[in-house]
Amino acid sequence: MADELTKALNEKNLVIGADKAIKNLKKGKSKKVLISNNCPEKIKQEIIKYKDKAEIIQLEINSEELNVRCKKPFNIAVLSY
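Residues numbered from 1 in each chain as written. Predicted model: local features only at pLDDT ≥ 70, side-chain atom pairs only at ≥ 80, totals over all residues. Heavy atoms only, no water.

**Student:** Would you take a moment to explain the packing of helix 2 (residues 18-27) against helix 3 (residues 41-48) for this structure?
**Tutor:** Working note: a packed helix pair is described by the angle between its axes plus the distance between those axes. Where helix 2 contacts helix 3, the two axes come as close as 10 Å, and the packing angle between them is 15°. Between helix 2 and helix 3, the angle falls in the class roughly parallel. Helix 3 is crossed by helix 2, and the crossing has left-handed handedness. Taken together, the residues of helix 3 that come into contact with helix 2 (itself represented by Ala18, Ile22, Leu25 and Lys26) are Ile43, Glu46 and Ile47. Its residues assigned to classes, the contact of helix 2 with helix 3 shows 5 nonpolar, no polar and 2 charged. (Axes fitted to C-alpha atoms, helices over the stretch in contact; angles between N-to-C directions. Helix = DSSP H or I, 4+ residues; strand = E, 2+ residues; numbered from the N terminus. Parallel < 35°, antiparallel > 145°, perpendicular 65-115°, else oblique. Left-handed = near helix turned anticlockwise from the far one by under 90°. Contact = heavy atoms within 4.5 Å. Nonpolar A, V, L, I, M, F, W, Y, C, P; charged D, E, K, R; others polar.)

Honestly, that's just the spatial picture; any functional story needs more than this.
Shown next, in the form of structure tokens:
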């Protein structure tokens, strides 16, 4: 899973946030979606609806750790690219 996160962080078209990730899933613009282990269930269920459009990866880290890895000052539940 750490390899997937590292790969995602190096992507030019990385999208941070559930709303943008879901929008891109609906449009078929995302290949992979990474979800933190404490992502709200409602968001997870919305993303899982589009599992046929992109690979969904459940991370083993929480949103607080994800924000540190992404070097952002806010918690991150979902990443996509």
